[in-house]
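This is what each chain is made of:
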Amino acid sequence: MTSEGAAPVRTDPDVVVVGGGVAGLFCAYHLRRAGASVTVLERGALGGPQSCSSGNTGFVGTHGAAPLAEPGLRAFRALGMLSADAPFYVKPRADRESLRWLGHFARACTATAAAAGFRTLIELKRRSLDLLLELCEIPSIAATFESPGIVLAFKTAEGFAEASRAVSRTVANGVPLRVLRPGELDELEPKTRFDIYGALYNPEGAYLRVPEFVVAFGRVLREMGVEIREHTEVTGFEISARGVERLHIEHGALPTERGALRTEHGTMRPGDVVLAAGAWSTECARLVGIDLTLQPIKGYSVTVDMPPGGPSRPVLLSEGRMAMVPLGDRLRLGGRLELTGMSTAISARRVRGMLCTAGEYLPDLAGLPTREAWSGLRPCTPDGVPLIGRASPRNVLVAVGYGHIGMGLAPAGGELISRILAGERPAIDPLPLRPGRFTSTIS
Ligand SMILES: Cc1cc2nc3c(=O)[nH]c(=O)nc-3n(C[C@H](O)[C@H](O)[C@H](O)COP(=O)(O)OP(=O)(O)OC[C@H]3O[C@@H](n4cnc5c(N)ncnc54)[C@H](O)[C@@H]3O)c2cc1C
């Protein structure tokens with residue numbers, strides 16, 4: 001069906017991937033490498049601002065594998081989280097899904113659950129870093145990847161002492177974290193003035209420049225033979241006892257001869273479907289009868305012109321729960337966690353607050369004008385571990401819930417999806433990632 005003329009005839013692919021963020025693109029990459037014909041359907045433009053993969057700080061590497069649900073969070077931060085100025089803000093809502101999510105989140109705030117989550121996430125991050133190092137040898141992608149290490153800055157004595165105590169445990173888990181001796185930070189960042197108590201350093205800190213990485217990766221995928229259809233939304237599914245028979249799609253933003261935009265409707269009949277629609281996956285999964293325990297957690301990034309005293313490598317402002325990353329002539333700050341529903345509205349107060357926090361750690365950043373402010377919805381599971389695997393109907397798989405570290409998890413997540421579909425032994429233990437662990441409706 002088309003509103004203006006017939007749609008071109010296309011051959012239905014082996015696999016349709018719904019969503020063109022990092023989750024979907026890495027599924028497409030591994031599936032194509034395994035020999036499948038793959039089509040990615042993306043509602044917006046690849047690397048467009050709607051995608052959480054477009055405006056973030058892009059940290060990959062072994063840093064930051066801790067789940068959001070920390071031990072003690074439930075007990076001493078619960079009330080603070082209801083304040084709109086808290087780094088992790090929960091807007092009180094009485095809908096069934098957010099309450100159910102918060103219930104699971106509270107249960108995940110234990111030392112045992114956090115340690116188990118860390119083990120799974122660090123395994124995914126390590127494998128992802130290896131895959132990224134291989135991928136980023138492709139010349140057209142290489143310029144979007146940097147690996148200069150990462151500095152973890154602490155403003156307070158308590159914050160530094162607590163983090164320093166955890167260093168040996170982190171090292172035992174294979175992360176090369178160390179305490180910086182006095183003077184070492186000046187050697188690493190001679191141009192930058194810090195007003196902090198102490199710092200740690202992880203030489204395995206690396207980052208992707210986004211959205212440049214997403215756009216360059218999309219180009220490589222097309223060269224590999226992956227079809228990527230932008231401005232194409234999946235609007236429904238036809239299901240039989242065999243599984244998903246057809247997908248209904250709406251292809252918008254097509255220019256007509258008269259310069260107006262038209263919409264084309266159509267269907268596709270893939271062998272398998274991978275849902276990788278980020279924070280919108282809950283809504284999309286519901287159309288196939290799958291109940292996902294996922295909530296959007298909004299974050300912001302603020303990009304400023306690189307000041308003369310800006311850092312040359314990523315810096316984590318630990319107590320402020322913020323990160324900063326150098327992007328040539330720009331510096332991007334990222335952070336804030338807001339459980340406030342699907343809105344991506346940008347609060348000027350939040351943006352000001354982030355610049356203020358940055359100025360507390362690096363005084364030369366105080367009062368810089370904003371070049372660009374962006375917000376994105378992190379697709380978060382209650383325990384911080386993604387949902388990756390087969391669902392029911394059987395020809396549907398999910399690769400969702402990458403939360404606050406999706407850039408650093410999606411490469412290995414895509415590989416796992418490809419192995420599951422091929423019936424091969426996965427490189428990563430799939431059990432902790434099984435999509436049905438919060439519900440009884442899927443396996
Ligand atoms: C401020 C901020 C900073 C961050 N920093 C980091 C970091 O430093 N390191 C890190 O690892 N992670 C970071 N993250 C997290 C990371 O951005 C996410 O985990 C990751 O981008 C999620 O990718 P995704 O592909 O699952 O979702 P998305 O990138 O959101 O992609 C989902 C796509 O699906 C499309 N879609 C939705 N519904 C449909 C439909 N029905 N049909 C077709 N298409 C559809 C959407 O348009 C969207 O483009 C950060 C996030 C934020 C907000």
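The preceding data block contains the structure.
Residues numbered from 1 in each chain as written. Predicted model: local features only at pLDDT ≥ 70, side-chain atom pairs only at ≥ 80, totals over all residues. Heavy atoms only, no water.

Novice: Please explain the nonpolar core as it appears in this structure.
Specialist: A general trend in soluble globular proteins is that nonpolar side chains are found buried together. If you look at the biggest cluster of nonpolar residues, it comprises 55 residues, and the most contacted ones within it are V17, F26, F213, F217 and V274. When residues of this core are traced back to their parent elements, those giving at least two are β1 (15–18), α1 (22–33), β2 (38–41), α4 (111–135), β9 (205–208), α9 (212–224), β21 (396–400) and α12 (410–422). Look past the residues within four positions of F213 in its chain and what remains in contact with it is V22, F26, L132, L135, C136, I141, T144 and L208. (Core = buried A, V, L, I, M, F, W, Y, C linked by side-chain atoms within 4.5 Å. Buried < 20%, exposed > 50% of the residue type's maximum accessible area, 1.4 Å probe, protein only. Helix = DSSP H or I, 4+ residues; strand = E, 2+ residues; numbered from the N terminus. Contact = heavy atoms within 4.5 Å.)

Novice: Would you explain helix α6 (residues 157–165) in this entry?
Specialist: Because an α-helix packs 3.6 residues into every turn, residues spaced three or four apart end up facing the same way. Among the residues of α6, G159, F160 and A163 are the ones counted as buried. Across the axial projection of α6, the buried residues extend over an arc of 95°, all falling on one side. Residues of α6 that are exposed and angled more than 90 degrees away from the buried face: E158, E162 and R165. (Arc of directions from axis to C-beta.)

Novice: Please clarify how the sheet that holds β1 should be interpreted in this entry.
Specialist: In sheet architecture, strand pairing relies on hydrogen bonds along the backbone and comes in two forms, parallel and antiparallel. Taken in spatial order, the six strands of this open sheet run β10-β2-β1-β14-β21-β20, and their pairing is mixed. This sheet does not close on itself; its edge strands, each paired only once, are β10 (227–229) and β20 (387–390). Direction aside, neighbouring strands of the sheet carry axes that sit 20° apart on average. Two strands pair when backbone bridges link them, and β1 and strand β14 (residues 272–275) are joined in this way by four bridges, in the parallel orientation. Considered in β14, the bridge of V18 is made with L275. Set on the sheet, α12 makes contact with β1, β14, β20 and β21; between it and β20 the angle comes to about 15°. (Pairing = 2+ DSSP bridges. Axes fitted to C-alpha atoms, helices over the stretch in contact; angles between N-to-C directions.)

Novice: What is the right way to look at the pairing of strand β15 (residues 295–305) in this model?
Specialist: Strand residues, when the strand is regular, have side chains that alternate between the two faces of the sheet. β15 sits mainly inside the fold: 10 of its 11 residues count as buried. Of the pairings in the sheet, the one linking β15 to strand β19 (residues 370–380) comprises 10 bridges and is antiparallel in character. Paired with I297 across the two strands is R378, which belongs to β19. Pairing analysis gives seven bridges linking β15 to strand β18 (residues 330–339), with the strands arranged antiparallel.

Novice: Is there a simple way to think about the sheet that holds strand β5 (residues 145–146) in this case?
Specialist: Across the sheet, which stays open at both edges, the three strands sit in the order β3-β9-β5 with antiparallel pairing between neighbours. A strand with exactly one partner marks an edge of an open sheet, and here the two such strands are β3 (59–61) and β5. The sheet contact formed by β5 and β9 spans two bridges and is antiparallel. Bridged to F145 within β9 is L208. Packing of α4 onto the sheet brings it into contact with β3, β5 and β9, and relative to β3 it is tilted by some 95°.

Novice: Even after reading the chapter, I still don't get the site of the ligand, so can you show me in this structure?
Specialist: Neighbouring the ligand are 37 residues; E42, S51, S53, F59 and G403 lie closest to it. Within the backbone of R43, one N or O atom sits 3.1 Å away from a nitrogen atom of the ligand. For the ligand, an oxygen atom lies 2.8 Å from a polar atom in the backbone of F59. Protein contacts shield 98% of the accessible area of the ligand, which totals 1,000 Å² for the unbound molecule. Of all the secondary structure elements, the ones that give two or more residues to the shell around the ligand are α1, β11 (232–240), β15 and β19. The greatest single-element share of the shell around the ligand, amounting to four residues, is contributed by β19. (Near = heavy atom within 4 Å. Polar contact = N/O pair within 3.5 Å; in protein donor to acceptor, adjacent residues only side chain to side chain. Areas by Shrake-Rupley, 256 points an atom, 1.4 Å probe, with all protein chains shown as cover.)

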